[in-house]
Amino acid sequence: MLKYTIRRLLGALLSLFIIVSVIFVLLRFMPMEGFLGAGYEKMSEDTVQSLLAEKGLLDPIPVQLFHFYKNLFQGDLGTSWVYRAGYPISKILASKIPVSLRLGLLSQALAIAVGIPLGALMAHARGKIWDKLGTGFIVLVEALPAAIYHLFLQLYGTSLLSLPLVFSKSNPVSLLLPVISVSLGSIAGYALWMRRYMLDNMNMDYVKLAQAKGVSGRDIMMKHVFRNAFVPMAQFLPGSILTTIIGSIYVEHLYSIPGTGGLLIDVIQRQDNAMVQVLVLLYSAIGIAGMFLGDFFMGLLDPRIQLVKGENNR
Amino acid sequence: MGQKTDAAKNDTIKNDALQNDAVISVRDLNVKFHLRGQRLHALRGISLDIHQGESLAIVGESGSGKSVFIKNFIGLLDKNGWIDSGEIWFAGQDLAKLKDEKVWRKIRGGKIAMVMQDPMTSLNPLKTIGWQIAEALKLHQGLAGEAAKNKTAELLSDVGISLPETRMKQYPHEFSGGMRQRVVIAIALACNPEILICDEPTTALDVTIQAQILQLLKDLKEKHHLTTIYITHDLGVVANVADRIAVMYAGDVIEVGTCEEIFFQPKHPYTWSLLSSLPQLAAGEEELYCISGTPPNLFQTIQGDAFAPRNPWALQVDFLYRPPYFEVSPTHKAKTWLLDPRAPKIEPPAAIRRMMELGKQPQARAGRKESADAK
Amino acid sequence: MQNERRNVLLDVRNLSITFGRGTKTFKAVDNVSFHIYKGETFGLVGESGSGKTTIGRAILRIHPTSGGDVLYKGKKINGKLSRAEDYEVIRHMQMIFQDPMASLNERAKVSDIIAEGLMNLQPDLSAKEKKRRVEEALLSVGLLPEFSSRFPHEFSGGQRQRIGIARCLIMNPEFIVADEPISALDVSIRAQVLNLLLRFQKERGLTYLFIAHDLSVVRFVASRVAVIHKGVIVEMANTEQLFSRPLHPYTKALLSAVPIPNPLLEKKKELLIYDPSCHNYESEAPQWTEIEPEHFIWANRPELAQYRKALDL
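Residues numbered from 1 in each chain as written. Chains lettered and ligands numbered in written order. Predicted model: local features only at pLDDT ≥ 70, side-chain atom pairs only at ≥ 80, totals over all residues. Heavy atoms only, no water.

Asks: Before we go on, may I ask you to explain the overall build of chain B in this structure?
Replies: Helix and strand counts for chain B come out as 13 helices and 12 strands. Its C-alpha atoms give chain B a radius of gyration of 22 Å, within 12% of the compact-globule value 21 Å for 375 residues. Taking the principal axes of its C-alpha atoms as reference, chain B extends roughly 70 × 55 × 45 Å. Counting the 375 residues in chain B, one finds 55% classified as buried. Sequence-distant contacts, at least 24 apart, represent 64% of the contacts inside chain B between residues at least 6 apart. Approximately 16500 Å² of chain B is accessible, and the part contributed by carbon and sulfur atoms is 52%. The positive charge centre, built from 44 side chains, and the negative charge centre, built from 44, are 4 Å apart in chain B. (Helix = DSSP H or I, 4+ residues; strand = E, 2+ residues; numbered from the N terminus. Rg over C-alpha atoms; globule rule 2.2 N^0.38 Å. Buried < 20%, exposed > 50% of the residue type's maximum accessible area, 1.4 Å probe, protein only. Contact = heavy atoms within 4.5 Å. Areas by Shrake-Rupley, 256 points an atom, 1.4 Å probe, with all protein chains shown as cover. Lys, Arg positive; Asp, Glu negative; His and termini not counted. Charge placed at Lys NZ, Arg CZ, Asp CG, Glu CD.)

In structure tokens:
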């Protein structure tokens, strides 16, 4: 097990290294405007050179790469070029990430608490009222562009329920609408998949045997079907939770939440490569970690999954 | 015309059943399904008694309704099916009218347990086999904790699994097909049933494992005084385990008799066809005997004998009127007009005549005497 | 009834097939030898995991071999072959697969399924000719020509297996490996499909390698049988010889397990269990020996002596 973990970890680090380095190199091939801003044409050659030197862009690429990683290991994420010029990136992230994370974690908690039981309920009541209502809900959420229901939620939430329009740290209630908005998509997704997995399991032979044993319908649902259906869900839960760090662009915008939503898009557009670099590193690491944790989690729940080959044989 | 009240009629049936020593008594059972917007008449008036302590085999091709039939004994008919009419008497109750889930749950497992066909899928892959046995022990024997653990080990030994204490902590995927089937049998036993239904218990297994499992089932039947019902299409398996055989075709039991009567003196043309198509009986023939045509469409009402269109020995009357049971012996009856005293005498096909000869031979008689003595 | 110098179509010599690499190898087939005469049905019988399917696939070059030779009409056909040689082999050998639900491409029309092999071998066949051949093939297996435009899911298991047979026969093979062709079919359909295979054999002079675990069926169709256990062929003989006078303890155990549809015999039957430790191969290794004409057995000398006594030789 240890060997497997180490192997997986090394593999992850390698992937990360490749991703980050490739992006790093590609970014360096961008046209000059990107690095120096709009006033580029007006600058003198000297200014250009000195600005480039400042950003460490005159060194050969391998050297730049080396410096980047060296700084990284020392905990220095660099400074932003454009977004907040001269400001340490670590500080920028430190102010934004916790906000999005809080929003994200709360909405994931809500999604899990509502979506998974909803899916189970829908499977159990297949074809009946709850299934139909649930299906209607899922279809609505999945078919409508998120922008629309986020907007409507804000509109009616603020007018009818007098909920706060703008996020403020001091008022936790102001998080209510944003959390609900963000969670809707996940609720729909979890319910949809949970229902699917539950139904798959409900038709299996082992359920018939359990019935023939005289096990009550309730026990069959809980101890057999739900428990088994949860295993494939477990695979994408860690990833979903971790990736909330990326923030929700629209919701955060609507409620003026100073999170990481849309940050990557923003810095790419503004060509703040230093920030792009760091964000790519961060998001890739999160993605890989999510997958790894998902596999690990699933392996814990399903004894058939042998993460290490060849140990379990009759 | 004295009209018997329902209660009085039920009493008569119950008394009949008791006299026959019948532990389950099915009377004129009709089961239908809603399928693709139409009604499927899956069981068409089955009447059958299952006697205490016997081993009954129900034989038929797929679509004959044998699985549907036994599902009624544990109330697990598919959601789109229902019992249209008829009765199933068990322990003084008509199971056909039983709707109370609580009562059913006591019957399922506790009185009537089932071993299913595919051991690879019958067990929950995410629970240890010990857990799955203990679940049954808790439900039907009220055992928990240490007592359950000991009983589980005992059951596993009973079904021939060595090192039970270790193995009960293992998961199904760590067992081979034959071993898994033994676990399923252990689970059935844990319920402490009176009747054990085995639905094609060995079809998915290798022939040597099959033989061992059948032997195990026979031994367990003796040890626990069970009544067993086997569903199978394999007439070799039937010859091994059955005391009595019921042959099903198109939702009806068309012939029923003791094992020897069915093998050595079959009377219904379908039984003849079934036996004839066995490769073992095709000695020296060029081709295997096969029954032409396909089973009838049960969505439509059938006129006359359901087997008539495929029956090379069909009489005209077979297409008009459904034959009733004709008695051949107190234990043997068949639904064929050929047994009517007015019917022409028909010679059964060559393979069947060979079987009849086999049944009369001296060593066979000696065998019969031996097994009779042994009982 | 033995022919003097019968024509050996397939000769398998010391065939070994190993799975896996490095430290984790598994010998699925271990030093197996047998031969099949032209025009006969040769039965290869074993339980699951015995290696019988692997042998069938290796003969057809679906699976690589790791040792030994497979000779078809005297020419070696396993190992590396040039494209032309490979083409020659495939032309004459075909396979019928076990599971009709899994062996047909659900997304392809029946006509394409049947004609695919033909199109590979004769790419410049005209559409008209292809249609004719496909319909001919369908008729020969007892299916209607209009089935050619349908999809597999519209057919029952027995019909699908017939489509698989049509696919095989359109290639005009000489040699067919039938891997459990009727095990997955309903009991009442088995006889039909089996009769079909036998009829083709008579009409076209085909040679079959019939792989199965159902001994009753093998006894009916095969003229010679080999019994395989855990990758080793333990006994091979003419069918009746094997069934009436089996020598190897595994063969005996296997035969004793076969259900007999005769209650008097079946209930009296004694079930033999095969215990591999009954062999003592430490002191002397076993050899593949022809103990009497056409009767081969895997045994060492002490065992051979016993067997000879049992046969009164």
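Asks: Is there a simple way to explain the sheet that holds strand β9 (residues 244-249) of chain B in this structure?
Replies: Within a sheet, adjacent strands bond to each other through the backbone by hydrogen bonds, running parallel or antiparallel. Residues and elements named next belong to chain B. Pairing within the open sheet is mixed, and its 8 strands lie in the order β6-β7-β8-β3-β9-β10-β12-β11. Sheet topology places β6 (112-115) and β11 (326-329) at the edges, where each strand pairs with a single neighbour. Adjacent strand axes in the sheet meet at a mean angle of 20° when their direction is disregarded. Sheet topology places strand β3 (residues 55-59) next to β9; 4 bridges connect them, and they run parallel. Of the residues in β9, the one forming a bridge with Ile 58 is Ala 246. Here helix α8 (residues 207-224) sits on the sheet and contacts β3, β7 (195-199) and β8 (227-232); the angle it forms with β8, its principal contact strand, is near 155°. (Pairing = 2+ DSSP bridges. Axes fitted to C-alpha atoms, helices over the stretch in contact; angles between N-to-C directions.)

Asks: Help me understand the interface of chain B and chain C, please; the structure alone is not making it clear to me.
Replies: By a frequent convention, interface size equals the accessible area lost on bringing the separate parts together. Taken together, the 39 residues of chain B in the interface contact 30 residues of chain C. Together chain B and chain C conceal approximately 2900 Å² of surface at their shared face, both sides included; 63% is due to carbon and sulfur atoms. Three residues, Asp206(B), Val207(B) and Leu288(B), lead the burial of chain B against chain C; their summed loss comes to 18% of the area buried on that side. Our count for the contact surface shared by chain B and chain C stands at 0 salt bridges. Along the contact surface separating chain B from chain C lie 7 residue pairs in polar contact (both at pLDDT 80 or more). Contributing elements (two or more residues each) for the side of chain B that touches chain C: α8, α9 (235-241), α10 (259-264), α12 (350-360) and α13 (362-374) of chain B. The dominant element in the side of chain B that touches chain C, judged by the number of residues it contributes, is α8(B), at 6 residues. Of the residues belonging to the side of chain B that touches chain C, the class tally is 20 nonpolar, 10 polar and 9 charged. (Buried area = accessible area lost by both parts, 1.4 Å probe. Salt bridge = Lys/Arg side-chain N within 4 Å of Asp/Glu carboxyl O. Polar contact = N/O pair within 3.5 Å; in protein donor to acceptor, adjacent residues only side chain to side chain. Nonpolar A, V, L, I, M, F, W, Y, C, P; charged D, E, K, R; others polar.)

Asks: Sorry if this is basic, but what is going on with the interface of chain B and chain A here?
Replies: Taken together, the 30 residues of chain B in the interface contact 22 residues of chain A. Interface area, chain B with chain A, both sides summed: about 2300 Å², of which 62% is carbon and sulfur. Remark: the boundary between chain B and chain A carries 1 salt bridge. Lys213(A) is the partner of Glu135(B) in a salt bridge, and the nearest nitrogen-oxygen pair spans 3.0 Å. For the interface between chain B and chain A, the tally reads 11 residue pairs in polar contact (both at pLDDT 80 or more).

Asks: Would you mind showing me how to read the environment of Glu154(C) here?
Replies: When you line up the elements, Glu154(C) lands in the loop between α4 (127-140) and α5 (157-169). In this structure, the C-alpha to C-alpha distance between Glu154(C) and His92(C), residues 62 residues apart in sequence, is 30 Å.

Asks: Which parts of the structure should I look at to understand the pattern of salt bridges?
Replies: Side chains that carry opposite charge are capable of pairing whenever their charged atoms lie near each other. Counted by the stated rule, this structure contains 39 salt bridges over all chains. Lys73(C) is paired through a salt bridge with Glu174(C); the nearest N and O atoms lie 2.9 Å apart. Pair noted here: Lys73(C) is in the loop between β4 (67-72) and β5 (75-76) and Glu174(C) is in the loop between α5 and β7 (175-179), with a separation of 101 residues, a long-range link. Salt bridges linked by common partners bring Asp252(B), Arg322(B) and Lys335(B) together as one network.

Asks: For this particular structure, what's the right way to read the nonpolar core?
Replies: The nonpolar side chains of soluble globular proteins are, as a tendency, buried together. One finds Ile24(B), Phe69(B), Phe73(B), Ile112(B), Ile185(B), Ile245(B) and Phe263(B) to be the most contacted residues of the largest nonpolar core, which totals 112 residues. Per element, the largest residue contribution to this core is 9 residues, and it comes from helix α7 (residues 177-190) of chain B. Core analysis: the next-biggest nonpolar cluster, separate from the first, contains 63 residues, Leu196(C), Phe200(C), Ala257(C) and Tyr274(C) among them. (Core = buried A, V, L, I, M, F, W, Y, C linked by side-chain atoms within 4.5 Å.)

Asks: Sorry, what's going on with the pairing of strand β11 (residues 287-292) of chain C here?
Replies: In the case of a regular strand, side chains alternate between the two sheet surfaces. Residue and element names in this part refer to chain C. In the sheet, β11 pairs with strand β12 (residues 295-299) via 5 bridges, with the strands oriented antiparallel. Bridged to Thr 289 within β12 is Ile 297. Counting the residues that bridge the hairpin from β11 to β12 gives 2 residues, and of these Glu 294 lies at a positive phi of roughly 65°.

Asks: What am I meant to see in the sheet that holds strand β10 (residues 232-238) of chain C here?
Replies: Residue and element names in this part refer to chain C. If you walk across this open sheet you meet the 8 strands as β6-β7-β8-β3-β9-β10-β12-β11, and the pairing is mixed. At either margin of the open sheet sits one strand with a lone partner, and together these are β6 (93-96) and β11. Direction aside, the axes of adjacent strands within the sheet are offset by 20° on average. Across the face of the sheet, α5 comes into contact with β6 and β7 while running at roughly 175° to β6. Here helix α9 (residues 249-257) sits on the sheet and contacts β3 (41-46), β9 (224-229) and β10; the angle it forms with β9, its principal contact strand, is near 100°.

Asks: Got a minute to help me understand the confidence of the model for chain B in this structure?
Replies: As a note on interpretation, predicted positions should not be read in detail where pLDDT is low. Residue and element names in this part refer to chain B. Confidence along chain B averages 87 in pLDDT terms, with 90% of residues attaining 70 or more. Low pLDDT, under 50, characterises residues 370-375; the stretch is placed with 1 contact to residues that sit more than four places away or in other chains. Across the assembled chains, the prediction reports ipTM 0.82 with pTM 0.83. (pLDDT = per-residue confidence, 0-100.)

Asks: Quick question: what am I supposed to make of the packing of aromatic side chains here?
Replies: Pairs of aromatic rings are described using the distance from one ring centre to the other and the angle between the two planes. If you walk through the whole model with that rule in mind, you get 18 aromatic pairs over all chains. Ring centres of Phe68(A) and Tyr69(A) lie 5.4 Å apart, and the angle between their planes is 65°; on these two criteria the pair is classed as edge-to-face. The class for Tyr69(A) is buried, based on a relative accessible area of 14%. Aromatic side chains Phe69(B) and Phe73(B) sit 5.2 Å apart centroid to centroid with 65° between the ring planes, which places their arrangement in the edge-to-face category. Look at Phe69(B) and you get buried, because its relative accessible area is 0%. Using a relative accessible area of 0% as the deciding quantity, one classes Phe73(B) as buried. Joined through ring pairs, the aromatic side chains of Phe17(A), Phe24(A), Phe68(A) and Tyr69(A) make up one cluster. Above the ring of Tyr87(A), the side-chain terminus of Lys91(A) is found at 6.0 Å from the ring centroid. (Phe/Tyr/Trp six-rings, centres within 6.5 Å; stacked < 30°, edge-to-face > 60°. Lys NZ or Arg CZ within 6 Å of the ring centre and 35° of its normal.)

Asks: Sorry, what's going on with a nonpolar patch on the surface here?
Replies: All names here are of chain A. Judged by side-chain polarity, Leu 140, Leu 144, Ile 148, Leu 151, Phe 152, Leu 155, Tyr 156, Leu 160, Leu 161, Ile 249, Tyr 250 and Ile 265 come together as a nonpolar surface patch covering roughly 1200 Å² of accessible area. Elements with a minimum of two residues in the nonpolar patch: α7 (146-160) and α11 (249-254). With 6 residues, the top contributor of residues to the nonpolar patch is α7. Position of Tyr 156 among the secondary structure elements: in helix α7. Classification of Tyr 156 by relative accessible area gives partly exposed; the value is 45%. (Patch = residues over 30% accessible without salt bridge, like charges linked within 9 Å, V, L, I, M, F, W, Y side chains within 5 Å.)

Asks: Even after reading the chapter, I still don't get the arrangement of the chains, so can you show me in this structure?
Replies: Counting contacts across all 2 pairs of chains that touch, the top pair turns out to be chains B and C. Without any contact between them, chain A and chain C keep their closest C-alpha atoms 9 Å apart.

Asks: I keep staring at the side chain of Ser64(B) and nothing clicks. Help me out?
Replies: Tracing the backbone shows Ser64(B) in the loop between β3 and α2 (66-71). The residues touching Ser64(B), leaving out its near neighbours within four places in the chain, are Met248(B), Tyr249(B), Ala250(B), Gly251(B) and Asp252(B).

Asks: Looking at this structure, how should I read the domain arrangement of chain A?
Replies: Residues and elements named next belong to chain A. Domain annotation of chain A identifies domain 1 (2-73) and domain 2 (95-272 + 283-301). Each of domain 1 and domain 2 has a C-alpha centre, and the two are 35 Å apart. Domain 1 puts 10 residues into the contact, and the matching count from domain 2 is 8 residues. Roughly 750 Å² is buried in total at the junction of domain 1 and domain 2, and carbon and sulfur atoms are behind 68% of that figure. Taken together, the connections running from domain 1 to domain 2 amount to 1 salt bridge. For Arg 8, the salt bridge goes to Asp 295, with nearest N and O atoms at 2.8 Å. For the interface between domain 1 and domain 2, the tally reads 1 residue pair in polar contact (both at pLDDT 80 or more). Taken together, the elements giving at least two residues each to the side of domain 1 that touches domain 2 come down to α1 (2-27) and α2 (32-36). A per-class count over the side of domain 1 that touches domain 2 returns 5 nonpolar, 3 polar and 2 charged. (Domains from an automatic or database assignment.)

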